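What follows is each chain in one-letter form.
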Amino acid sequence: MNKKNKEITALLLASFSIFILISLIQFQESYEVGFNNEEAPLTGQFGASISAILVKWFLGYGSFVVCSILFMYSYLLFFKKDYSNLKYLKLTFYQLGLGLWVAIFFAYLTDDYNGAGGAGGFILKRISSDIVGNFIYVLLPIAL
């Protein structure tokens, strides 16, 4: 990939990251059903759909890490860093792990997959509670 294509890709990734961030900040339960023009979010129906998918079916409020990962790679591309370096892959997995931790934590608080933990957090909460039991209530805050 030449220099110009990397910069264009970096700007597109950064724009998409900011778009997702604004969509997640403006997420409301009423947006996924539909809305009138006077209550439409800033990002429109597409942004409302993306935020509903990320919050309801992915990691809940842990989905904010998707924005930071996209923005990290746009930074790496724009400033011509070696994005295939192992440390950036580790950092990506660390951020995903943080998002999973937040999703599981909110799933334990709400005990509902429609809550702030999302479906992914609820599933992981069910798996971890079967394995570890109620000790996870003590272990999860200490892990933070």
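The structure we're discussing is the one just above.
Residues numbered from 1 in each chain as written. Predicted model: local features only at pLDDT ≥ 70, side-chain atom pairs only at ≥ 80, totals over all residues. Heavy atoms only, no water.

Student: Tell me about the side chain of T43, and name the residues and values.
Tutor: Its location among the elements puts T43 in the loop between α2 (29–33) and α3 (44–57). Relative accessible area serves as the criterion here: at 14%, T43 is assigned to the buried category. One polar contact links T43 to S23, side chain to side chain, over a distance of 3.2 Å. Residue contacts for T43: discarding those within four places in its chain leaves F19, I22, S23, Q26 and A48. (Helix = DSSP H or I, 4+ residues; strand = E, 2+ residues; numbered from the N terminus. Buried < 20%, exposed > 50% of the residue type's maximum accessible area, 1.4 Å probe, protein only. Polar contact = N/O pair within 3.5 Å; in protein donor to acceptor, adjacent residues only side chain to side chain. Contact = heavy atoms within 4.5 Å.)

Student: Tell me about helix α4 (residues 64–78), and please be specific about residues and values.
Tutor: The terminal C-alpha atoms of α4, which comprises 15 residues, lie 22 Å apart, in line with the 21 Å expected from a rise of 1.5 Å per residue. Within α4, the full set of buried residues consists of V65, V66, C67, I69, M72, S74, L76 and L77. One or two positions beyond α4, positive phi appears at K80, with a value near 60°. (Expected span 1.5 Å × (residues − 1).)

Student: So what about helix α5 (residues 86–110)? Which residues, and what values?
Tutor: Its 25 residues give α5 an end-to-end C-alpha distance of 36 Å, which sits within 8% of 36 Å, the value for a rise of 1.5 Å per residue. Within α5 the residues assigned to the buried category are Y88, T92, Q95, G99, W101, A103, I104, A107 and Y108. Just beyond α5, the residue with positive phi is D111, at close to 55°.

Student: Now, about the nonpolar core: what can you tell me, with residues and values included?
Tutor: As a rule of thumb, nonpolar side chains are buried together in soluble globular proteins. Counting residues in each nonpolar core, the largest one holds eight residues, listed as I20, L24, F27, I50, A52, L54, V55 and C67. Secondary structure elements with two or more residues in this core: α1 (3–25) and α3. By residue number, the principal contributor to this core is α3, which donates four residues. Beyond its immediate stretch of four places on either side in the chain, L24 contacts S51, L54, V55, S63, F64 and C67. (Core = buried A, V, L, I, M, F, W, Y, C linked by side-chain atoms within 4.5 Å.)

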